[in-house]
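Results of the structural survey
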Amino acid sequence: QDAGNHTLLIEFVLSGLSSCPELQHLLFFTICLVYSMTLIGNLLICMVTVHPTLHTPMYFFLRVLSLLDISTATVVVPKMLVSLLSEDRSISYLGCVTQLYCVVFLAATEWYLLAAMAYDRYVAVCSPLRYSAIMNSRACLSLVLLSCCSGKVVSVVQTAWVFTLSLCGPRRINYFFCDIPPLVMLSCTDTSRYERQLISATVLVIFTPFCFILLSYTCIISSILKISSAESRHKTFSTCSSHLTVVTLYCASGTLIYLQPKSTNSQDAKKILALIYTTVVPTLNPLIYSLRNKEVKEVLIRVMSVLMKK
């Protein structure tokens, strides 16, 4: 590489979702609709879960999850919508650093929060008599703060490592937001060591909580099978299955994106997975939890009826 290729990058250019001009307006309206559904759905979950009948740890965690989903979509989608209607798709160096930090922080925090939610379900099913004592408000807040602190550590380390790589021309990022895989593609030095580190981080952030979640649900399912009442078994499993569905969606998309950071052949596929992870999954979470939860549906109907009267 000659010296001219190692100029300091002060901004990047995002390629966006598609280079086809005919698709830009269709993508804009589709993503705008999905983003609106994300905001409305998750805000409703936040409103519903403060209802007095839903003052339990599970709904507290669900409210935090909804706030994280809103934040994740908001960090990525508005910039993407602007780029779909504008020819200027540039993002400043500082803007790119900030966006990457926020995306990694929110994603890592959600994973640790999902593990905390699995622990909550484990205590509720396997130790129901001690549930109130173990999962008190202080314990719940501590788990949320621990999730945030863990997410912050992961985000600081990953963001710092990415931007210590020698990023040289071209400055075009083949993605619709600043994320680790497309930024690694811009490096003009050997990134094999960083890729091994990223795989280790992926295992730490995704597979460690996932294994904890699987262990929790193994114990939960074992306890559910011992319940004599078929109705009680169905109710307990229905609550847990919502959480398992969300975990599966996050695990599938997250691992496929980050386990092969510098794979050029799968870059378009990664765009789709990233779109699902940052835009579609936050929209599905309120639907998954509300449609499969009788208590949430009942309160949601009450809230909607009150809003309609106003």
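Counting restarts for each chain: residues are numbered from 1 in the order of the written sequence. At least 70 in pLDDT is required for a residue's local features to be given in this predicted model, at least 80 for side-chain atom pairs to be given and counted, and no such filter applies to totals for whole chains, interfaces and linings, which use all residues. In computing side-chain values, all of the structure's heavy atoms are included and hydrogens and water are not.

Next up on the list: the overall build of the chain. Assigned secondary structure in the chain consists of ten helices and three strands. In DSSP terms, a helix is any run of H or I states spanning at least four residues, a strand is any run of E spanning at least two, and both are numbered starting from the N terminus. Along its sequence from the N terminus, the chain presents helices and strands in the succession β-α-α-β-α-α-α-β-α-α-α-α-α. Between buried and exposed lies partly exposed: a residue is buried under 20% and exposed over 50% of the maximum accessible area for its type, with that area taken using a 1.4 Å probe on protein chains only. Per-residue burial for the chain yields a buried fraction of 48% across its 310 residues. The contact rule is simple, with two residues in contact once any of their heavy atoms fall within 4.5 Å. Residue pairs in contact within the chain that sit at least 24 positions apart in sequence constitute 80% of those at least 6 positions apart.

With that settled, the discussion passes to the sheet that holds strand E1 (residues 11-14). By this definition, two strands are paired if DSSP reports at least two bridges between them. Taken in spatial order, the three strands of this open sheet run E2-E1-E3, and their pairing is mixed. Single-partner strands in this sheet number two, and they are strand E2 (90-92) and strand E3 (172-173). All axes here are fitted lines through C-alpha atoms, helices being fitted over the stretch that makes contact, and every angle between N-to-C directions spans 0 to 180 degrees. Sitting on the sheet, helix H3 (residues 93-126) touches E1, E2 and E3, and the angle it makes with E2 is about 85°.

As a packed pair, H3 and helix H7 (residues 192-225) sit with axes 9 Å apart at the nearest point and diverge in direction by 15°. In terms of axis orientation, H3 runs roughly parallel to H7. In terms of crossing hand, the pair formed by H3 and H7 is left-handed. Classification convention: Asp, Glu, Lys, Arg as charged; Ala, Val, Leu, Ile, Met, Phe, Trp, Tyr, Cys, Pro as nonpolar; all other residues, Gly among them, as polar. Here the contact of H3 with H7 is built from residues that sort into 21 nonpolar, two polar and one charged. An angle below 35 degrees is read as roughly parallel, one above 145 as roughly antiparallel, one from 65 to 115 as roughly perpendicular, and any other as oblique. By convention the crossing between two helices is left-handed if the near helix lies anticlockwise of the far one by an angle smaller than a right angle, and right-handed if it lies clockwise.

Right, let's talk about the environment of Leu183 for a bit. Looking at the element boundaries, Leu183 is found in helix H6 (residues 180-185). Given a relative accessible area of 0%, Leu183 falls into the buried group. Residues Leu183 and Leu165 lie 18 residues apart in sequence; the distance between their C-alpha atoms is 9.2 Å. Excluding anything up to four places from it in sequence, Leu183 contacts Phe12, Cys96, Leu100, Val162, Phe163, Leu167, Ile173 and Cys178.

Once that is clear, we can look at empty space enclosed by the protein. Here a cavity is any set of points on a 1 Å grid over the protein atoms alone where a 1.4 Å probe fits but cannot get out, and a pocket is any open set with protein on both sides within 12 Å along at least 5 of 7 lines; a residue lines the site when it has an atom within 4 Å of a point. Grid points are joined across faces, edges and corners, and a volume is the space filled by probe spheres set on the points. Tallied over the full model, the rule gives three cavities of 30 Å³ or more. For the largest cavity, the calculated volume is near 200 Å³. In terms of lining, the largest cavity is formed by 16 residues, of which the most central are Val104, Ala107, Val154, Val205 and Tyr258. Mapped by element, the contributors of at least two residues to the lining of the largest cavity are H3, helix H5 (137-162), H7 and helix H8 (230-258). Considered class by class, the residues forming the lining of the largest cavity number 13 nonpolar, three polar and no charged.

All right, on to the side chain of Ser155 then. Residue placement: Ser155 occurs in helix H5. Discounting chain neighbours no more than four positions away, the residues touching Ser155 are Tyr101, Val104 and Phe105.

Glancing now at the pattern of salt bridges. Pairs may arise between side chains of opposite charge once their charged atoms sit close together. Should a side-chain nitrogen of Lys or Arg be within 4 Å of a carboxyl oxygen of Asp or Glu, the pair is scored as a salt bridge. For the structure shown, the criterion picks out one salt bridge. The partner of Arg121 in a salt bridge is Asp120, and the shortest N-O contact between them spans 3.0 Å. Across the pair, exposure class does not vary: Arg121 and Asp120 are buried alike.

Let us look at the pairing of E1. In this structure, E1 lies alongside E2, joined through three bridges in antiparallel fashion. Within E2, the position partnered with Val13 by the bridge is Ser90. Two strands pair when backbone bridges link them, and E1 and E3 are joined in this way by two bridges, in the parallel orientation. Looking at E3, one finds that Leu14 is bridged to Ile173.

What follows concerns helix H1 (residues 21-48). Between the first and last C-alpha of H1 there are 41 Å, a value that for 28 residues agrees with the 40 Å anticipated at 1.5 Å per step. Turning to H1, its buried residues are Gln24, Phe28, Ile31, Val34, Tyr35, Thr38, Gly41, Asn42, Leu44, Ile45, Cys46 and Val48. Multiplying one less than the number of residues by 1.5 Å gives the expected span of a helix.

A few words now on the state of the cysteines. Cysteine sulfur atoms are paired as a disulfide whenever they fall within 2.5 Å. With the rule as written, the count across this model stands at one disulfide. The partner cysteine of Cys96 in its disulfide is Cys178, sulfur to sulfur 2.0 Å. Residues Cys96 and Cys178 share a disulfide whose torsion about the S-S bond is about -120°; that sign makes it left-handed. Pair noted here: Cys96 is in helix H3 and Cys178 is in the loop between E3 and H6, with a separation of 82 residues, a long-range link. The pair Cys96 / Cys178 is uniform in exposure class, with both members buried.

Moving on to the UniProt feature "transmembrane region" (unreviewed entry) in the chain. UniProt positions are given in the numbering used here, feature names are shortened, and annotations may be inferred rather than shown by experiment. Taking the UniProt record as the reference, the feature "transmembrane region" (unreviewed entry) is found at residues 26-48, 60-78, 98-119, 140-163, 199-225, 237-260 and 272-291. Secondary structure content for residues 26-48 is 100% helix and 0% strand, while the C-alpha to C-alpha distance between its ends is 33 Å. Along residues 60-78 one finds 100% helix and 0% strand; the C-alpha atoms at either end are 27 Å apart.

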